[in-house]
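Remarks on the overall topology
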Amino acid sequence: MDFNQLVKEYHQKVYWQVRRMVLQHDDANDLTQDIFLKVYQKYDTFKGESKFSSWLYRIAYNETINFLQKKSKYQSVSIDDYLNNSVESLTSDAYFDGDQLHLDLQKAILGLPEKQRMVFLYRYYDELKYEEISEILGVSVGGLKANYHLALQKLKHYFLEQD
């Protein structure tokens, strides 16, 4: 696959997957570029045992987790604290165009355990099927369904408490 074709076809999806995880545009933009370089360099290792998009999203997920671990370690805080600080500074991000409800949703999503957060993000925003999420996260479909259901319940509870 040609690098320009790869970027043209998948840039938006990868950028938004990463952006939902790191929250800040600049971090997501830099990380997305790094991910595409890595995918292009490792393209010959793709065995075709899953969909190409699943393989790409798995690399993006792993690279984003590594990025978050490095950032939080550098700041001597947990990943959750790092992300909570990021959500608090979203309103100063020139690329954030959400309102208070969107900000509250981001806070609620960050309150979910990682697996629930990821399955929610992939199902709600990316509209991925459980089978594809299973390939990306390496979790059984049954486990994903349970995590998604729990995530929805926790988000519902979060917003009911806000009233």
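Reference entry: report on the structure contained in this document. All values reported here derive from a predicted model rather than from experimental measurement. Here the residue numbers are simple positions, counted from 1 along each chain's written sequence. A pLDDT threshold of at least 70 governs which residues receive local features in this predicted model, and a stricter bar of 80 or more applies before side-chain atom pairs are shown or counted, although totals over entire chains, interfaces and linings include all residues. Only heavy atoms go into the side-chain values, all of them from the structure, while hydrogens and water stay out.

The next thing to look at is the layout of surface pockets. In this analysis, the protein atoms alone were mapped onto a 1 Å grid. Cavities are point sets where a 1.4 Å probe fits without being able to get out; pockets are open sets with protein on both sides within 12 Å along at least five of seven lines; lining residues have an atom within 4 Å of a point. Grid points are joined across faces, edges and corners, and a volume is the space filled by probe spheres set on the points. Taken as a whole, the largest pocket spans an internal volume of roughly 190 Å³. Surrounding the largest pocket, W16, R19, R20, L23, L90, Y95, F96, D97, H102, Q106 and Y125 form its lining. Every element with two or more residues in the lining of the largest pocket is listed here: α1 (3-22) and α5 (100-110). Under the scheme used here, helices are H or I runs from DSSP no shorter than 4 residues and strands are E runs no shorter than 2 residues, and both carry numbers assigned from the N terminus. Examining the composition of the lining of the largest pocket, we find that three residues originate from one element, α1, more than from any other. The residue classification treats Ala, Val, Leu, Ile, Met, Phe, Trp, Tyr, Cys and Pro as nonpolar and Asp, Glu, Lys and Arg as charged. All others, Gly included, are polar. The residue inventory of the lining of the largest pocket, partitioned by class, reads six nonpolar, two polar and three charged.

Here we come to the environment of S53. Considering the arrangement of structural elements, one finds S53 in helix α3 (residues 52-74). Throughout, exposure labels follow a simple rule: accessible area from a 1.4 Å probe, protein chains only, divided by the maximum for the residue type, with under 20% read as buried, over 50% as exposed, and the rest as partly exposed. We classify S53 as buried; its relative accessible area is 10%. Here a residue-residue contact requires only that any non-hydrogen atoms of the pair lie within 4.5 Å. Beyond its immediate chain neighbours, meaning those up to four positions away, S53 contacts Y10 and E132.

A word on α3. Here α3 contains 23 residues, and its C-alpha end-to-end distance of 33 Å stays within 8% of the 33 Å for a straight helix at 1.5 Å per residue. After α3 finishes, the residue S76 shows a positive phi value of roughly 55°. Expected helix span is given by 1.5 Å per residue-to-residue step, counting one fewer step than there are residues.

This part takes up the packing of aromatic side chains. Here the aromatic set is Phe, Tyr and Trp, taking the six-membered ring for Trp, and pairing holds for ring centres within 6.5 Å; pairs whose planes are under 30 degrees apart are stacked, those over 60 apart are edge-to-face, and all others are tilted. Taken as a whole and assessed by the stated rule, the structure comprises 13 aromatic pairs. Ring geometry for F46 against F52: centres 5.4 Å apart, planes inclined by 90°, an arrangement best described as edge-to-face. A relative accessible area of 22% means that F46 is categorised as partly exposed. Relative to W55, the ring of F46 has its centre 5.1 Å away and its plane inclined at 45°; by these criteria the two rings are tilted.

With that settled, consider the side chain of Q17. Residue position: Q17 is located in helix α1. Beyond its immediate chain neighbours, meaning those up to four positions away, Q17 contacts Y57, A60, Y61 and Y122.

Turning to unusual backbone geometry, a few remarks are in order. Notably, S76 is not glycine yet its phi reads approximately 55°, a positive angle. Checked against the element boundaries, S76 lands in the loop between α3 and α4 (79-88). Here E127, not a glycine, exhibits a phi torsion of approximately 55°, which is positive. By secondary structure assignment, the location of E127 is in the loop between α6 (114-125) and α7 (130-137).

The next point concerns the nonpolar core. Grouping buried Ala, Val, Leu, Ile, Met, Phe, Trp, Tyr and Cys residues that are joined through side-chain atoms within 4.5 Å yields what is termed a nonpolar core. Judged by nonpolar contacts, the single largest core of 49 residues is most densely connected at V14, I35 and L137. Breaking this core down by element, the ones donating at least two residues are α1, α2 (25-41), α3, α4, α5, α6, α7 and α8 (141-162). A total of 10 residues in this core trace back to one element, the largest contributor, which is α3. Beyond its immediate stretch of four places on either side in the chain, L137 contacts R58, Y61, M118, V119, Y122 and L144.

Our next topic: α1. The end-to-end C-alpha separation of α1 is 24 Å, well short of the 28 Å expected for 20 residues at 1.5 Å each. The reported bend at a residue is simply the angle between two axes, fitted to the 7 residues ending at it and to the 7 residues beginning with it. Most pronounced at Y10, the bend in α1 amounts to some 60°. Here α1 has its buried residues at L6, Y10, V14, Y15, Q17, V18, R19, R20, M21 and V22. On its buried face, α1 sits against α2, α3, α4 and α6. Polar contact is defined as a pair of N or O atoms within 3.5 Å, subject to the rule that within protein one atom must be able to donate a hydrogen and the other to accept it, and that residues adjacent in sequence are counted only when both atoms are side-chain atoms. Looking at where α1 begins, the residue whose side-chain oxygen comes 2.9 Å from the main-chain nitrogen of N4 is D2. In the stretch just after α1, L23 is the one whose phi turns positive, near 75°.

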